[in-house]
Amino acid sequence: MDGHSNIMDMFERGKVVKVCAPMVRYSKLAFRCLVRKYDCDVCFTPMIVAADFMRSVKARDSEFTTNRADRPLIVQFAAKDAQTLADAACVVAPFSDGVDLNCGCPQRWAMSEGYGACLINKPDLVKDMVRQVRNQIEDPNYAVSIKIRIHKDLRKTVDLCQKAEAAGVSWITVHGRTADERHQPVHYDAIKAIKDSLNIPVIANGDIKSSRDVESIHQLTGVDGVMAARGLLANPAMFAGYEETPLECIWDWVDIAVEHGTPFTCFHHHLIYMLERISSQPERRVFNTLSSTSAVIDYLNSTYGSQMTLQWTAVATFLYVEIGVLLLLCIPFISARRWQSIFKLNIWNKVSPFWNKGFLTMIIVLIVLFLDAVREVKKYSSTEPGKDAKLNPTMYDHMHMKLFRAQRNLYISGFSLFLWLVMRRVITLISQLASVQGSTAALQAQAESANQAAKKYMEDNELLKQALMEGKDDNATAEGNELLREELKKLTEELQTSEDALKKSQSEVEAMKKQSAGLTKEYDRLLMEHQELQNQMASGDKKDD
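Keep in mind the model is a prediction, meaning the values are calculated, not measured.

(A) Summary view of the nonpolar core. Counting 88 residues, the largest nonpolar core has Phe77, Ile146, Ile172 and Leu300 as its most contacted members. If we skip the residues at most four places from it in the chain, Phe77 touches Met47, Ile48, Ala50, Phe53, Leu85, Ala88, Ala89, Val92, Val99, Asp100, Leu101 and Asn102. One finds Ile334, Ala336, Leu366 and Leu419 within the second-largest nonpolar core, a separate group that totals 18 residues.

Here it is, written out as structure tokens:
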């Protein structure tokens, strides 16, 4: 947004305006650049004491830094007289989109100097300061706002806001606590009452820690925007809908901070806030003791490096897929013959030429990962605290954390390899079982057919016998005997054929049973070897401990 654009247009778009709060030491240029990448609409500078800002060139150079991309930008001042505030506003006006008067800082030093929350009890002074800035800034689109806390008597707060509105204030940011309250619940009902009493935009502030809070507070109070402070420190991507700080945001902060030359203390503190929700206590203890930018970057690369994360995430996903496939193969109401018919689909025919190569490739990859994990476990389990550990008490926690990650990777790769072999064996057993069942079914059908043929010939034999008994002459008897002999001959041949087929099928069944028994023994041996490997690993871990 350039100097001639009207920042007030954002409030006319019908959406909730999302604002980064003024935070001493934290809402500086580098952090503002970060939150703007994640859907923050407006950013405030940290609070600047207007008198010091006007008195010292060094203060101006250190307290206020910006660039062309840092817009829309509101500069917040702490002031106690109208002319000083107006002069400071004139200095920053060419480089910002508005100024904000701090009427909400509850710190003792600020209130004792006449700044911050003590101004909510001086509505006429606030009105004069807003009017003086309005009169001295030539650009009519330049915003003048105030940020306040509420009174115990809400009528005083409404009176203050209405006087500021009459003086030409652009909007009012309301922190829904009194000057004496710190961590008590926010009075959203008070914010709603203030919004209902004004005709200018109102921004709600206080305990906005997630994207859900943004929408719920908007629905509850009807405000035009929301301002977040600690919520953005913990998760700069909050306004973009992320519930936790994504790794992408952490690496964005590293890049931006290094580019802007951010001092290490500020750079480190921001990362401490960002990692608080996504790291374990041992990890936080180690991270908090780091003392240089290079050490922080090395730590992030080793702990949250994208290559390692993707590698072991892929292996873990593969393990879950293996478990799912094995559970699916063991579903009792899907028979082996049905699985065989599934394996004969065209898609498997296309995959089958590459199956053996893919199977061996996965074995090699998993073995390499398993051996690498074994090496890491041995490396960190054999490390003993030395002189460096005495100088840095958290080093042992760091080594313990690395050992835990190595053991986790060892288990993931080991079980993935084991289940991959088991899955291949299970598929082979299912195919063989389906073949045995198919042969048995064919044998039963053939035996049934032979029984039916034998029964038919026996019936025909009985009919022939009756015909012979009832024959009246020798010719009929001779013809009947000849027919009987032919039928008996056919019956004998059919029975011999059935007997041969039965013997062949029985020999095939016996061979398949022997092969199945051999495969079962091999499977049992594989299970015993895996159990021995686990026992050896468990005993090794106990010795290391």
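(B) Molecular detail of the pattern of salt bridges. Throughout the structure, instances matching the rule amount to 16 salt bridges. For Asp252, the salt bridge identified is with Lys37, shortest N-O distance 3.4 Å. In this pair, Asp252 sits in helix α11 (residues 247-260) while Lys37 sits in the loop between α1 (29-36) and β2 (42-44), placing the two residues 215 residues apart along the sequence. Look at Asp252 and you get buried, because its relative accessible area is 12%. Salt-bridge contacts for Arg230 lead to Asp207; the nearest nitrogen and oxygen are separated by 3.6 Å. With Arg230 in helix α10 (residues 230-234) and Asp207 in the loop between β8 (202-205) and α9 (211-221), this residue pair connects regions lying 23 residues apart in the sequence. Residue Asp207 is classed as partly exposed on the basis of its relative accessible area, which comes to 28%.

(C) Inspection of a nonpolar patch on the surface at higher detail. A contiguous nonpolar surface patch, about 370 Å² in accessible area, is contributed by Leu345, Ile347, Trp348 and Val351. In this structure, Trp348 sits in helix α17 (residues 346-381). What makes Trp348 partly exposed here is its relative accessible area of 41%.

(D) Summary view of unusual backbone geometry. In this structure, Pro72 follows Arg71 across a cis peptide bond, with omega equal to -5°. Notably, Asp39 is not glycine yet its phi reads approximately 70°, a positive angle. When you line up the elements, Asp39 lands in the loop between α1 and β2. Phi at Asp207 takes a positive value of approximately 60°, unusual for a residue other than glycine.

Thresholds, definitions, all that
- Residues numbered from 1 in each chain as written.
- Predicted model: local features only at pLDDT ≥ 70, side-chain atom pairs only at ≥ 80, totals over all residues.
- Heavy atoms only, no water.
- Core = buried A, V, L, I, M, F, W, Y, C linked by side-chain atoms within 4.5 Å.
- Buried < 20%, exposed > 50% of the residue type's maximum accessible area, 1.4 Å probe, protein only.
- Contact = heavy atoms within 4.5 Å.
- Salt bridge = Lys/Arg side-chain N within 4 Å of Asp/Glu carboxyl O.
- Helix = DSSP H or I, 4+ residues; strand = E, 2+ residues; numbered from the N terminus.
- Patch = residues over 30% accessible without salt bridge, like charges linked within 9 Å, V, L, I, M, F, W, Y side chains within 5 Å.
- Areas by Shrake-Rupley, 256 points an atom, 1.4 Å probe, with all protein chains shown as cover.

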